[in-house]
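# Inside the fold
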Amino acid sequence: MNRIPEQGIERSKVLEMLRSFNSDDANYHDSKTWSLVYYLSEDHTNFLKEAYGMYFSENALNPMAFKSLKRMESEIVKMSAGLLGGDDKTVGVMTSGGTESCLLPVVTYRELAKSKRRLPFRPEMIAPRSIHVAWSKAAKYFGVKIHYVPLCADNRVDVNAVRKLINRNTIMIVCSAPSYPHGVIDPVTELGRLAIEHDIPLHVDSCVGGFLLPFIEKNGFNVDPFDFRVPGVTSISADIHKYGFSAKGASVLLYKNMDYLKHQFFVKTDWPGGVFASPAMLGTRPGGAIAAAWAAMNVFGINGYKEIAAAIMETTEKLKKGIEEIPGLKVLGKPAMSVFAYTSTDRAVDIFAVGDQLEAKGWLVDRLQNPNALHCMVIPRHAMIADDYLKDIREAVKTVRSNPDLAVKGNAAMYGMIANVPFRGLIQNEVMKMMENLYGPDCKMPSLETDPTGPKLLDRALPVVLKILRRFKK
Ligand SMILES: *Cc1c(COP(=O)(O)O)cnc(C)c1O
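Since the model is a prediction, treat every value here as computed from it, not as a measurement. (Residues numbered from 1 in each chain as written. Predicted model: local features only at pLDDT ≥ 70, side-chain atom pairs only at ≥ 80, totals over all residues. Heavy atoms only, no water.)

### A word on the domain arrangement of the chain
Here is the rule we go by: For the domain bounds, the source is a domain assignment made automatically or taken from a database.
With domains assigned, the chain is organised as domain 1 (51-298) and domain 2 (421-473). When each unit is reduced to the centre of its C-alpha atoms, the spacing between domain 1 and domain 2 is 35 Å.

Dropping the structure here:
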């Protein structure tokens, strides 16, 4: 349907059409997905829908017009601050999601740095190699140079390397609690010390962990300090639409106090449309997402979230143990919570080929690079399928072992090459072309098997790589 229909279609028919679209979608109902969807139950979803629907039309753009939403937003910020070691000075805003909560601090701290300097400067930020890609996006969007810091053997950022990168253009340091790829918490305490010593803001990206780590700690487990209790931490992002089990479009961004947050505000007094002021990125802000987030936090309460955390961690431990018991596989590092990656320790087991086998069995598998690994983000419902998943991994490893050519065929070869080719410009160009196809007028869905982009990339890239490698040998 490429045009608006001349004559509108009946509601029931439209809904029926919508229902028919999802047959090829990732199957989260059967818990076959390891990312993207934080689904608890039909009951909970219906509850969220009711809360969302109640404030469906309301707009948080104007807090004076909808005091209900401003009240909920303030309460969400206060509840989150309480959870993350804040005090009565902690302030913040709700955003549309993790990405907005990562984009905004870069603007805020750039403006803060500007306010302290009279000379023009070239803003720089320092981030672990493992930082979420949203920060790279922020650096690109806002013209800030980003320094990526190597990780130590335990996949946490190398604090000494951070120290060496600090200079007068540094506007901020960012780290993760935990990191998206490996699920480890960066050494926040040491970074906090550095931040204080050099008077630089320190942001903790706790988008994935902010609504889980505190409850793991409350359940009596050891969690490395990562929140406002750590001196030097000036802001934290935490996604309610992840482990807060709210509707999509909900994250909080907290600052230590108003001296930071005020640099985020946008005010325009001479717009013909009127005097305009806005706390975050969006103009119109969906009331539903705020109401659903408020509803989720209140319906679970501390005890509800603690129970969820306990269930998640039980399944996580089971999965990690099961994977470690499979010869040739290991979990990377010491994950702090329910996000972890596993890789192969055996040359005969190509981990991406294992991924292909799992995908053939209907699992939605995320692949990591440097080192190559497969990714898991555990939710309570994975308890139902943990045994099946482990069984399928075991079988996949067996199949890959006895069919060495699987590693050099299809998606495994493709992903392997993408991960390992040192000439990143080549990959960048091909992915760019893929995007142009996907968002072009013909909307070509890329399929690594059938789309020319995949094989073409292999065909084109491999000879180039071989040629260059041969030249090195001479
Ligand atoms: C998910 C995530 C983000 C981005 O959040 P979105 O809601 O996907 O925009 C940022 N940082 C970390 C650590 C994350 O896990």
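On we go from here.
### Side note on the sheet that holds strand β12 (residues 366-368)
Put simply, the test is: Being paired, for any two strands, means DSSP has found at least two bridges between them. By definition, any uninterrupted DSSP run of H or I lasting at least four residues is a helix, any uninterrupted run of E lasting at least two residues is a strand, and each is numbered from the N terminus. Fitted lines through C-alpha atoms serve as axes, helices being fitted only where they are in contact, and the angles separating the N-to-C directions of these axes extend from 0 to 180 degrees.
The strand order across the open sheet built from four strands is β10-β11-β13-β12, with neighbouring strands paired in antiparallel fashion. Whereas interior strands pair on both sides, the edge strands pair on one side only; in this sheet they are β10 (329-331) and β12. On average, each strand axis in the sheet is tilted by 35 degrees relative to the strand beside it, whichever way the strands run. Two elements, strand β11 (residues 339-344) and strand β13 (residues 373-377), share four bridges in a ladder whose sense is antiparallel. Within β13, the residue paired with A341 across the bridge is H375.

### Focus on the pattern of salt bridges
Stated precisely, the cut-off is as follows: Whenever Lys or Arg places a side-chain nitrogen within 4 Å of a carboxyl oxygen from Asp or Glu, that contact is recorded as a salt bridge. Buried means the residue's accessible area, taken with a 1.4 Å probe over protein chains only, is under 20% of the maximum for its type, while exposed means over 50%, and partly exposed covers the values in between.
Within this structure, the stated rule accounts for 20 salt bridges. D239 is paired through a salt bridge with K242; the nearest N and O atoms lie 3.0 Å apart. Taking relative accessible area as the criterion, K242 reaches 18% and is therefore assigned buried. Taken together, the salt bridges that share partners define one network made up of R110, E111 and K114.

### A few points about empty space enclosed by the protein
What counts is decided by this rule: Whether a set of points on the 1 Å grid over the protein atoms alone is a cavity depends on a 1.4 Å probe fitting there but being unable to get out, while an open set qualifies as a pocket with protein on both sides within 12 Å along at least five of seven lines; lining residues are those with an atom within 4 Å of a point. Grid points are joined across faces, edges and corners, and a volume is the space filled by probe spheres set on the points. Under the scheme applied here, ten amino acids are nonpolar (Ala, Val, Leu, Ile, Met, Phe, Trp, Tyr, Cys and Pro), four are charged (Asp, Glu, Lys and Arg), and all others, including Gly, are polar.
The full count for this structure, using the stated rule, is two cavities of 30 Å³ or more. If you trace the largest cavity, you find it lined by M94, T95, S96, G249, L282, R285, P286, A289 and I290. When residues of the lining of the largest cavity are traced back to their parent elements, those giving at least two are β1 (91-95) and α10 (287-324). Counted by class, the lining of the largest cavity contains five nonpolar, three polar and one charged residues. A60, L61, A277, S278, P279, A280, L282, G283 and R285 together form the lining of the second largest cavity. Per-class residue counts for the lining of the second largest cavity are six nonpolar, two polar and one charged.

### Notes on the site of the ligand
As a reminder of what qualifies: Residue proximity to a molecule or strand is established when one non-hydrogen atom of the residue lies within 4 Å of it. Distance and chemistry together define a polar contact, namely a pair of N or O atoms within 3.5 Å, with one atom able to donate a hydrogen and the other to accept it when in protein, and with adjacent residues in sequence counting only for side-chain atoms on both sides. Calculation of accessible area relied on Shrake-Rupley with a 1.4 Å probe; when residues are assessed, cover is drawn exclusively from the protein chains displayed.
Taken together, G97, G98, T99, C102, H132, Y180, D205, C207, V208, D239, H241 and K242 make up all the residues around the ligand. In this structure, H241 approaches the ligand through a side-chain N or O atom, which is 2.8 Å from an oxygen atom. Coverage of the ligand by the protein amounts to 85% of the 380 Å² it exposes when considered alone. Element by element, the count of residues in the shell around the ligand is highest for helix α4 (residues 98-116), at three residues.

### Concerning a nonpolar patch on the surface
Going by this rule: For patches, a residue must show more than 30% relative accessible area and have no salt bridge; joins then use 9 Å for like charges and 5 Å for nonpolar side chains, namely Val, Leu, Ile, Met, Phe, Trp and Tyr.
On the surface, M1, I9, V14, L15, L18 and F21 cluster together to form a nonpolar patch covering roughly 600 Å² of accessible area. Tracing the backbone through its elements, the reader meets I9 in the segment before α1 (11-20).

### Some remarks on the environment of T90
In plain terms, the rule: By definition, residues are in contact when any of their heavy atoms lie within 4.5 Å.
Here T90 lies in the loop between α3 (67-83) and β1. For the pair T90 and M414, spaced 324 residues apart in the sequence, the C-alpha separation amounts to 47 Å. When residues no more than four places from it in sequence are discounted, the contact partners of T90 are A81, F228, L254, Y255 and K256.

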